[in-house]
Amino acid sequence: PIKSSAASDVYKRQEQARRIVTPLAFKSREEQLAGIANALREMVDDGTVAYSTDVPHYNDAYGYLVLHVASCAGCARTTGLCLNMLGIPYEHVNENQWSHQWCRVPMPDGSYWICDAYGLYCGPEPAPNQHPYFQ
């Protein structure tokens, strides 16, 4: 059967995310977060992904992983997709706001970490819902 365009888009997005998370499956939570952030950041640093807020899918994982254009919203949703695939809960901070966005992840010790490839930070949250580089 022929896949619909939407199903094909989902498949393409999922396949790219799977390549990121598969090597991280049996690592610690900290290593998984760092692995996601590093893989997504590398796509920006090597020129694969360009920043945009005015093209289709700039704010979702399809834009980031398939079309290779995204805003911080698209990066956060891509991070969220990877976290979901690993079974890691998260909060999307500042979702649907015209403000910097990232993923806030609960850690086994009760603390929270930020996983933010666009914001160049993956590590402990300095205060609840606070990013060390953005106010």
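Above this note sits the structure.
Below is a summary of the structure that appears in this document.

Cut-off values and rules
Residues numbered from 1 in each chain as written. Predicted model: local features only at pLDDT ≥ 70, side-chain atom pairs only at ≥ 80, totals over all residues. Heavy atoms only, no water. Helix = DSSP H or I, 4+ residues; strand = E, 2+ residues; numbered from the N terminus. Rg over C-alpha atoms; globule rule 2.2 N^0.38 Å. Buried < 20%, exposed > 50% of the residue type's maximum accessible area, 1.4 Å probe, protein only. Contact = heavy atoms within 4.5 Å. Areas by Shrake-Rupley, 256 points an atom, 1.4 Å probe, with all protein chains shown as cover. Lys, Arg positive; Asp, Glu negative; His and termini not counted. Charge placed at Lys NZ, Arg CZ, Asp CG, Glu CD. Polar contact = N/O pair within 3.5 Å; in protein donor to acceptor, adjacent residues only side chain to side chain.

Turning next to the overall build of the protein chain. Tallying secondary structure elements over the protein chain gives four helices and six strands in all. In sequence order, the protein chain lays out its α and β elements as α-α-β-α-β-α-β-β-β-β. For 135 residues, the compact-globule formula gives about 14 Å, and the C-alpha radius of gyration of the protein chain, at 14 Å, lands near that figure. Dimensions of the protein chain, computed from C-alpha atoms along their principal axes, come out at roughly 50 × 35 × 25 Å. Evaluated residue by residue, the protein chain yields a buried proportion of 41% over its 135 residues. For the protein chain, contacts bridging at least 24 residues in sequence account for 39% of all contacts bridging at least 6. Accessible surface, the protein chain as shown: approximately 7200 Å² in total, 53% of it carbon and sulfur. Between the mean site of the 10 positive side-chain charges and the mean site of the 14 negative ones, the protein chain shows a separation of 7 Å.

Summarising the element assignment, Arg104 is placed in strand β4 (residues 102-106). By relative accessible area, which is 8% here, Arg104 ends up buried. At 2.6 Å, the side chain of Arg104 forms a polar contact with the side chain of Glu125. Discounting chain neighbours no more than four positions away, the residues touching Arg104 are Tyr90, Glu91, Val93, Tyr112, Trp113, Glu125, Pro128 and Asn129.

Distances and angles like these do not, on their own, reveal function.
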